[in-house]
Amino acid sequence: MSGPLLLAIESSCDETAIALVEGGRQIHANVVASQVALHAATGGIVPEVAARAHLRWIVPVLEAAWADAGVSWTDVDGIAVTYGPGLAGSLLVGINFAKALAHVRSKPLIAVNHLEGHVEAGWLVDPGQDPTERPEPLFPVVALVVSGGHTFLAEMRDHGTYRLLGQTVDDAAGEAFDKVGRLLGLDYPGGPAIQRAAEAAIGRDVRFPRAWLGDSYDFSFSGLKTAARRRIAEARVEARLPDDDPAARLPDAVVAELAYGFQDAVVDVLATKTMRAAAEIGARAVVIGGGVAANAALRARIEHDAAAAGLPVVVPRPGLCTDNGAMIGAAGARRYAAGERAGLDLDARPSLPLAAR
Ligand code: KG4
Ligand code: ZN
């Protein structure tokens, strides 16, 4: 593989991540220091704690990336860094680190939108993997990004060319997973915990409401979350659990049914809208990314529906769905090729959108 070799830095949320990626696709190193254990104690992310952890880990993560990579500074063509969206304090740690490296090493700086990273992650090739297993896309594609902070559907006519079709009007899909996981007394983050709990109840007839919002491609998960809260409260009364002791957990079989019913409703809405959009825009592939795209039920449902429509699905392996540096190297290469260079005055953009409607 050829093309620019980028050192890519991601620190927008709760993973400190650095990768070395060639030509936007070939991973040479991809190191992620997760703060999950740190935030599990509070059941969610405390921004100041996250920013401090990025500061603590960013140098060791860079050292680990060099140790894995088999390349050196002279091979590096540029430094890509996430500048938004995300938590301001967390973003600034990565941005300032990237600026210092760019300055000291005289390398160009490339500003990357985190959301474009999630979209581009699907074409990354792991060390030793055959690149033909991850063929370049045929455009247009429909792209669904579902993470802890974002849920949107976009039409992509080329790399870097997006039109927003719809987005969440309230909670992000991952946020709903995390909140319902907490109500069920499961570990943080709720997404993987709900997936695991739901396995014991797959196919059970547990019906949660779906918010279709008419013909729109927008999403809403707050009604579903309220329904889950009510069902969980009812189940607790039935199981005679005290309201004032959240540590008193529902029986596993009940947790499994509620987790399955909730997950099934999220998956149904995401997959149905994605496939409807694919048909409407004449998509030639379906791309999914973001932490919730690691969900096995969502992957299976989209694979199934897309196969029925004769469309290939591009989805990163689960470890590349959640935040990582390689995806920033992937999106950064497109920006690098387009001649985009950031100045040393680059600032964080906490609310940076992917695209307009
Ligand atoms: O993309 P990501 O790492 O960070 C953001 O950019 O937000 O996504 C994290 C989100 C969390 O809400 C987490 O619960 C969810 O992705 N997630 C999952 C799964 N793995 C991670 N949700 C459902 N099923 C999973 N297997
Ligand atoms: Zn993300």
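Calculation notes
Residues numbered from 1 in each chain as written. Chains lettered and ligands numbered in written order. Predicted model: local features only at pLDDT ≥ 70, side-chain atom pairs only at ≥ 80, totals over all residues. Heavy atoms only, no water. Donors = N, O, S within 2.8 Å, 3.2 Å for Na, K, Ca; no water. Tetrahedral: all angles 85-135°; square planar, octahedral: opposite > 155°, others 65-115°. Helix = DSSP H or I, 4+ residues; strand = E, 2+ residues; numbered from the N terminus. Buried < 20%, exposed > 50% of the residue type's maximum accessible area, 1.4 Å probe, protein only. Pairing = 2+ DSSP bridges. Axes fitted to C-alpha atoms, helices over the stretch in contact; angles between N-to-C directions. Contact = heavy atoms within 4.5 Å. Domains from an automatic or database assignment. Buried area = accessible area lost by both parts, 1.4 Å probe. Salt bridge = Lys/Arg side-chain N within 4 Å of Asp/Glu carboxyl O. Polar contact = N/O pair within 3.5 Å; in protein donor to acceptor, adjacent residues only side chain to side chain. Nonpolar A, V, L, I, M, F, W, Y, C, P; charged D, E, K, R; others polar. 1 Å grid on protein atoms, 1.4 Å probe; cavity = no way out; pocket = protein on both sides within 12 Å on 5 of 7 lines; lining within 4 Å. Points joined across faces, edges and corners; volume = space filled by probe spheres on them. Near = heavy atom within 4 Å. Areas by Shrake-Rupley, 256 points an atom, 1.4 Å probe, with all protein chains shown as cover. Sits in = over half its atoms within 2 Å of the grid points.

(A) Seen up close, the coordination of the zinc ion (ligand 2). Every protein donor of the zinc ion (ligand 2) is accounted for by His114 (NE2), His118 (NE2) and Asp323 (OD), and the metal-donor separations fall at 2.0 to 2.1 Å. Because the angles between the four donor atoms bound to the zinc ion (ligand 2) fall within 95 to 139°, the donor set is best described as irregular. When the donor residues of the zinc ion (ligand 2) are listed from N- to C-terminus, their spacing reads H-x3-H-x204-D. Separated by four residues within a single helix, His114 and His118 lie in helix H4 (residues 114–120), roughly one turn from each other. Of the two residues examined, His114 and His118, each falls in the buried class.

(B) Quick peek at the sheet that holds strand E5 (residues 109–113). The five strands lie next to each other as E3-E2-E1-E4-E5, forming an open sheet whose pairing is mixed. In this open sheet, the two edge strands, each paired with only one partner strand, are strand E3 (26–34) and E5. Within this sheet the neighbouring strands show an average axis-to-axis angle of 20°, counted without direction. In this fold helix H2 (residues 47–69) packs onto strand E1 (5–10), strand E2 (15–22) and E3, with an angle of close to 30° to the strand it touches most, E2. Strands E1, E2, E3, strand E4 (78–84) and E5 of the sheet are contacted by helix H11 (residues 326–337), whose axis makes an angle of about 125° with E1.

(C) Summary view of the domain arrangement of the protein chain. Domain assignment breaks the protein chain into domain 1 (5–126 + 319–337) and domain 2 (141–316). Computed from C-alpha atoms alone, the centre-to-centre distance between domain 1 and domain 2 is 26 Å. Between domain 1 and domain 2 lies a buried interface of about 1,700 Å² when both sides are counted; carbon and sulfur atoms form 73% of it. For the domain 1 face of the interface with domain 2, the top three residues by lost area are Val119, Trp123 and Cys321, together amounting to 33%. For the pair domain 1 and domain 2, the number of links is zero salt bridges. On inspection of domain 1 and its partner domain 2, the count reaches five residue pairs in polar contact (both at pLDDT 80 or more). Elements represented by at least two residues in the side of domain 1 that touches domain 2 include exactly helix H1 (36–40), H4, helix H10 (318–321) and H11. No other element matches H4, which puts five residues into the side of domain 1 that touches domain 2. Across the side of domain 1 that touches domain 2, the residue classes tally to 10 nonpolar, seven polar and five charged.

(D) Molecular detail of the layout of surface pockets. Estimates place the volume of the largest pocket at around 1,200 Å³. Lining the largest pocket are 46 residues, with Ile45, Gly148, Asp178, Tyr188 and Pro189 positioned closest to its centre. Those elements giving two or more residues to the lining of the largest pocket turn out to be H1, H4, helix H5 (173–183), helix H6 (190–198) and H10. With seven residues, the top contributor of residues to the lining of the largest pocket is H5. Of the residues that make up the lining of the largest pocket, three or more belong to each of domain 1 (5–126 + 319–337) and domain 2 (141–316).

(E) Molecular detail of the site of ligand 1. Around ligand 1 sit 20 residues, and of these Gly148, Asp178, Gln195, Asn295 and Asp323 come closest. Interatomic distance of 3.4 Å between a side-chain N/O atom of Ser147 and an oxygen atom of ligand 1. At 3.0 Å from an oxygen atom of ligand 1 is found a main-chain nitrogen or oxygen belonging to Asp323. Protein contacts shield 90% of the accessible area of ligand 1, which totals 560 Å² for the unbound molecule. Of the pockets mapped on this structure, ligand 1 occupies the largest pocket. The set of elements that each furnish at least two residues to the shell around ligand 1 consists of H4, H5 and H6. A class-by-class count of the residues in the shell around ligand 1 yields six nonpolar, 12 polar and two charged. Each of domain 1 (5–126 + 319–337) and domain 2 (141–316) gives at least three residues to the shell around ligand 1.

(F) Region of interest: empty space enclosed by the protein. Within this structure, the stated rule accounts for one cavity of 30 Å³ or more. Here the largest cavity is characterised by a volume of approximately 30 Å³. Residue lining of the largest cavity: Pro209, Arg210, Ala211, Ser220, Phe221, Leu224, Ala265 and Val269, and that is the complete set. Here the lining of the largest cavity is composed, by residue class, of six nonpolar, one polar and one charged.

(G) Local environment of the sheet that holds strand E7 (residues 151–158). Across the sheet, which stays open at both edges, the five strands sit in the order E8-E7-E6-E9-E10 with mixed pairing between neighbours. Two strands in the sheet have a free side with no partner beyond their single neighbour: strand E8 (161–167) and strand E10 (313–314). Pairing between strand E6 (residues 141–146) and strand E9 (residues 285–289): five bridges, direction parallel. Note on E9: the bridge partner recorded for Val145 is Gly289. The sheet strands contacting helix H8 (residues 252–281) are E6, E7, E8 and E9, and the helix crosses E6 at an angle near 155°.

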